[in-house]
Amino acid sequence: MLMREDAVQRLNEHLPAQIRVLGYKRATQGFNAKTNCCARTYSYLLPTYAFAPVDELTTESYRITAEKLQEVSELFQVYIGTHNFYNFTSGKKPEDPSAVRYIKSIEVSPPIQQDDVEFCEISVYGQSFMLHQIRKMIGLVIAIARGLADKQVFEKAWGAVRVDVPKAPGLGLCLNKVHFEAYNKRYGNDGVHDAIDWEEYKDPISEFKREFIYSTILRTEKEEKSMLNWLSSLLLHVFDLRKDDGLPKDRSQTRSPLAHALMKVGSEINGERSNSGSVQTSATSASLVEPETLEQDVCTRDSSESAKSS
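Reading the values: rules and limits
Residues numbered from 1 in each chain as written. Predicted model: local features only at pLDDT ≥ 70, side-chain atom pairs only at ≥ 80, totals over all residues. Heavy atoms only, no water. Phe/Tyr/Trp six-rings, centres within 6.5 Å; stacked < 30°, edge-to-face > 60°. Buried < 20%, exposed > 50% of the residue type's maximum accessible area, 1.4 Å probe, protein only. Helix = DSSP H or I, 4+ residues; strand = E, 2+ residues; numbered from the N terminus. Lys NZ or Arg CZ within 6 Å of the ring centre and 35° of its normal. 1 Å grid on protein atoms, 1.4 Å probe; cavity = no way out; pocket = protein on both sides within 12 Å on 5 of 7 lines; lining within 4 Å. Points joined across faces, edges and corners; volume = space filled by probe spheres on them. Nonpolar A, V, L, I, M, F, W, Y, C, P; charged D, E, K, R; others polar. Expected span 1.5 Å × (residues − 1). Core = buried A, V, L, I, M, F, W, Y, C linked by side-chain atoms within 4.5 Å. Contact = heavy atoms within 4.5 Å.

**Observations regarding the packing of aromatic side chains**
Link 1 in the chain: Inspection of the entire model under this criterion finds 13 aromatic pairs.
Link 2 in the chain: Ring geometry for Tyr79 versus Phe85: centroids 6.3 Å apart, planes at 35°, classification tilted. For the pair formed by Tyr79 and Phe85, the shared burial category is buried.
Link 3 in the chain: Plain terms: the ring middles of Phe85 and Trp158 are 5.2 Å apart, the flat faces sit at 80° to each other, and that makes the pair edge-to-face. Of the two residues, Phe85 sits in the loop between β2 (81-84) and β3 (100-108) while Trp158 sits in the loop between α4 (152-157) and β6 (173-179), which places them 73 residues apart along the sequence. Exposure class is identical for Phe85 and Trp158. Each is buried.
Link 4 in the chain: Chaining the aromatic ring pairs together yields one cluster made of Phe76, Tyr79, Phe85, Phe88, Phe154 and Trp158.
Link 5 in the chain: Sitting over the face of the ring of Tyr86, Arg162 holds its NZ or CZ atom 4.3 Å from the ring centroid.

See below:
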């Protein structure tokens, strides 16, 4: 098929603004974008307060320090190389060879500020990924950075026993780039076909991401506070070996020491309110303090809207 010089412009005239054609390349007859892709880069955009120590107030006013950002970056470097990511997905057995994946690099961007919230971007470059893998990789680093788990959980997670690894919210995750290095090496310089390289489209791609992708993620996070709400659930994880793939029947076994402490304080507050007569017992009235509500209050002491949504 012969393409006219104005083909890109004419195609975009018939597409919505959220879908753009940037260019076209001559490929082999058997080219398949999925099977010829040899690696992928995903990005995850999240507010920096996700890495705040658990004993500090977790609010939108948090600003990550250079030291903390370096610590987070070093934690992500543990994933680089070949590992069994059985504990970072679902539906696979530890001996399944397809659970072994190769991570080429992970980069943590300098923080940016949107309105009054600070964000940073995690870029994960790997050969291939499984369901939930990146969200669980992000979730575990957040837990360690906040002080809810130690670095030893990495070694446990590479093992053959199911480990309790939290899954971060899906909002900030998007496919950033597909790589065709192997295809380009074979066909890119044969004089007939074009190499598939995104470098020449770098500027329009960045502009498109800022206008349609990142803006949506930032706005939605600001409005729905999915990360802020999710952080309270980290207190229910044990970050250790689990006997089965499901949640234990006794949920007390899934709570961290801090979660147990919060439960006790919640019970004490409930008792104090009951003794003072300030708590109504009607089924339709506001009831005793729930553990999840208390945990949320610790994370968002000055954000009543978030506390109500927990």
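**Some remarks on empty space enclosed by the protein**
Link 1 in the chain: Across all of its chains, the model carries one cavity of 30 Å³ or more by this definition.
Link 2 in the chain: Looking at the largest cavity, its volume works out to about 50 Å³.
Link 3 in the chain: If you go around the largest cavity, the residues you meet are Tyr44, Leu45, Leu46, Pro47, Pro169, Leu171, Gly172, Ile217, Glu221, Ser226 and Met227.
Link 4 in the chain: Breaking the lining of the largest cavity down by element, the ones donating at least two residues are β1 (39-47), α6 (202-224) and α7 (226-231).
Link 5 in the chain: Tallied by class, the residues present in the lining of the largest cavity amount to eight nonpolar, two polar and one charged.

**Here we look at helix α3 (residues 133-146)**
Link 1 in the chain: With 14 residues, α3 ought to run about 20 Å at 1.5 Å a step, and its terminal C-alpha atoms sit 20 Å apart, in line with that.
Link 2 in the chain: Counting buried positions along α3 yields 13 of 14 residues, so the element is predominantly enclosed.

**Here we look at the nonpolar core**
Link 1 in the chain: Grouped together as the largest cluster of nonpolar side chains are 56 residues, with contacts concentrated most on Phe51, Phe76, Tyr79, Ile122 and Ile142.
Link 2 in the chain: Secondary structure elements with two or more residues in this core: β1, α2 (66-76), β3, β5 (117-126), α3, α4, α6 and α7.
Link 3 in the chain: Setting aside anything within four residues of it in sequence, one finds Ile122 in contact with Tyr42, Ser43, Tyr44, Leu46, Phe76, Ile106, Glu107, Val108 and Ile138.

**A short note on the layout of surface pockets**
The probe, sized like a water molecule, is rolled over the atoms to show the empty space still left.
Link 1 in the chain: Its volume calculated, the largest pocket comes out at about 1200 Å³.
Link 2 in the chain: Considering the residues around the largest pocket, the lining is formed by 38 residues, among which Asn176, Lys177, Val178, Trp198 and Ile205 are closest to the centre.
Link 3 in the chain: Mapped onto the lining of the largest pocket, the elements with two or more residues apiece are β3, β5, β6 and α6.
Link 4 in the chain: Per element, the largest residue contribution to the lining of the largest pocket is nine residues, and it comes from α6.
Link 5 in the chain: The residue makeup of the lining of the largest pocket, split by class, is 20 nonpolar, eight polar and ten charged.

**A look at the side chain of Ser123**
Link 1 in the chain: Turning to its location among the elements, Ser123 is positioned in strand β5.
Link 2 in the chain: Excluding residues within four positions of it along the chain, Ser123 makes contact with Tyr42, Ser43, Ser105, Ile106 and Glu107.

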